[in-house]
Amino acid sequence: MDPENGAAEGRKRPVRPQRSHREVAEALRDRIRTGELRPGQRLPTQTRLAEEFGVERGAVRQALRILRSENFLADVPRGGPAIVALPAERVPTGPGAPPQPTTVTLAPRIAAAFRAPHVEIDALCLTSVSLTLAMSEPLRHIHAGRMKPAKVDVRVLLPGRNIDLAFPAPVDGRDDRGDDDPVHQRWLAQRNAQGQVLKHNLRALRATHGIEVNVSFRALPFTPPVKLYLLNGVEALFAYYTLKRREEEFGNEQLELYDAEGTRSTLFSFGLGAGLRDTTFVEQSHLWFNALWETISSELVLSD
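Basis of the calculations
Residues numbered from 1 in each chain as written. Predicted model: local features only at pLDDT ≥ 70, side-chain atom pairs only at ≥ 80, totals over all residues. Heavy atoms only, no water. Helix = DSSP H or I, 4+ residues; strand = E, 2+ residues; numbered from the N terminus. Axes fitted to C-alpha atoms, helices over the stretch in contact; angles between N-to-C directions. Parallel < 35°, antiparallel > 145°, perpendicular 65-115°, else oblique. Contact = heavy atoms within 4.5 Å. Nonpolar A, V, L, I, M, F, W, Y, C, P; charged D, E, K, R; others polar. Pairing = 2+ DSSP bridges. Buried < 20%, exposed > 50% of the residue type's maximum accessible area, 1.4 Å probe, protein only. Polar contact = N/O pair within 3.5 Å; in protein donor to acceptor, adjacent residues only side chain to side chain. Salt bridge = Lys/Arg side-chain N within 4 Å of Asp/Glu carboxyl O. Core = buried A, V, L, I, M, F, W, Y, C linked by side-chain atoms within 4.5 Å.

A. Quick peek at the environment of Pro39. Residue position: Pro39 is located in the loop between α2 (21-34) and α3 (46-53). Spatially, the C-alpha atom of Pro39 lies 8.7 Å from that of Leu73, the residues being 34 residues apart in sequence.

B. The arrangement of the packing of α3 against helix α4 (residues 57-69) in detail. As a packed pair, α3 and α4 sit with axes 9 Å apart at the nearest point and diverge in direction by 105°. When the axis of α3 is compared with that of α4, the two are roughly perpendicular. Two secondary-structure elements touch here, α3 through Gln46, Thr47, Leu49 and Ala50 and α4 through Arg57, Val60, Arg61 and Leu64. Among the residues making up the contact of α3 with α4, the classes are represented as four nonpolar, two polar and two charged.

C. The sheet that holds strand β9 (residues 235-240), seen in detail. The strand order across the open sheet formed by eight strands is β3-β12-β9-β8-β4-β5-β7-β13, and the pairing between neighbours is mixed. Because the sheet does not close on itself, it has two edges, and the strands there are β3 (100-101) and β13 (298-299). Seen against the sheet, helix α8 (residues 182-209) touches β5 (151-159) and β7 (212-220) and runs at an angle of roughly 165° to β7.

D. The environment of Tyr241, seen in detail. Structurally, Tyr241 is set in the loop between β9 and β10 (244-250). Assessed through its relative accessible area of 10%, Tyr241 is described here as buried. Put simply, Tyr241 and Leu126 are 115 residues apart on the chain and 9.0 Å apart in space, counted from C-alpha to C-alpha. Discounting residues that sit within four places of it in the chain, Tyr241 has contacts with Cys125, Leu126, Thr127, Phe167, Pro224, Pro225, Val226, Lys227, Ala260, Gly262 and Ser265. Of note is the side chain of Tyr241, whose polar atom sits 2.8 Å from the backbone nitrogen of Leu126.

E. Up close: the pattern of salt bridges. Scanning the model with the defined rule gives 14 salt bridges in all. Residue Arg29 is joined to Glu26 by a salt bridge in which the shortest nitrogen-to-oxygen separation is 2.4 Å. Taken together, the residues span about one helical turn, with Arg29 and Glu26 both in helix α2 at a distance of three residues. Residue class for Glu26 comes out partly exposed when judged on its relative accessible area of 29%. Across the pair Arg277 and Asp278 runs a salt bridge whose closest N-O atoms are separated by 2.7 Å. Relative accessible area serves as the criterion here: at 54%, Arg277 is assigned to the exposed category.

F. Local environment of the nonpolar core. Ranked by size, the top nonpolar core spans 42 residues in total, and within it Ile110, Phe114, Ile121, Leu131, Met135 and Leu202 carry the most contacts. In terms of residue count, the dominant contributor to this core is α8 (five residues). Setting aside anything within four residues of it in sequence, one finds Phe114 in contact with Val119, Ile121, Met135, Pro138, Ile142, Met147, Pro149, Val152 and Leu202.

G. Quick look at the pairing of strand β8 (residues 226-231). Of all the six residues making up β8, six are buried; the element is thus mostly covered by neighbouring parts of the structure. Of the two faces of β8, the one holding Val226, Leu228 and Leu230 and the one holding Lys227, Tyr229 and Leu231 are both buried throughout. Alignment of strand β4 (residues 118-124) against β8, held across four bridges, turns out to be antiparallel. Paired with Ile121 across the two strands is Leu231, which belongs to β8. Connecting the antiparallel pair β8 and β9 is a turn made up of three residues, with Asn232 showing a positive phi of about 55°.

Put into structure tokens, the structure is as follows:
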């Protein structure tokens with residue numbers, strides 16, 4: 001053997017630093033935006049992408065999960081190569097997403113989250129009415145056979161029944177009626193009814209479609225001034241509850257209230273991998289939610 005060639009063959013190649021799944025997602029996202037990958041075109045297999053980027057297949061799966069959540073990739077049968085979504089399907093997230101009312105934004109984003117094999121949704125809100133309404137869209141797709149996740153995990157944080165809510169509340173404050181306070185009782189009835197509908201509709205997927213479903217509720221010891229939805233670990237939707245003073249009838253009595261219409265609250269979207277600002281917001285929102293879930297929240301019984 002030629003000593004010179006032997007030395008060359010024995011020389012170790014420099015090790016490339018391994019890319020993160022976010023870098024893989026960003027590279028593929030750029031190819032879609034520039035037209036290198038066209039709508040309807042199939043991506044290479046996960047194995048080929050892993051070889052190209054020098055990463056494990058798990059990193060590729062995480063990257064594709066991010067792009068699916070952003071609607072850059074269309075829904076495909078499990079195990080098949082990903083397909084670039086048509087422009088009409090693509091809903092921007094992060095800085096490129098225009099803020100929209102909850103009624104406009106939440107349902108399509110929840111539906112997009114249900115394209116994942118394992119759906120994970122966390123919500124913090126005053127009642128679950130917006131979430132319950134938004135769930136109707138993915139449920140319709142499931143019943144029509146257009147999507148079928150293997151597992152659905154939903155966690156919801158709601159105010160506890162016995163706290164003095166900051167809102168909805170009478171302008172003059174709560175009187176001595178205690179548990180007979182009509183404003184508080186109506187909020188409590190709505191909280192329980194919407195939560196029960198949400199739980200029933202999701203758990204029914206076990207019997208009708210064999211989907212593993214877990215739905216959990218916990219009670220907060222305070223009134224949340226904001227609402228937050230976390231979707232599949234890759235997207236956060238955030239809105240402020242903006243209070244208004246209005247008059248409403250309770251039985252034969254007219255009361256002035258401080259209240260907020262959560263269904264009309266403007267949602268701001270933040271996507272994992274859409275830049276440092278968005279990524280940090282999503283990650284910190286998960287830390288905040290998990291901290292509340294694991295510390296000061298308590299068991300919530302929707303019949304109470």
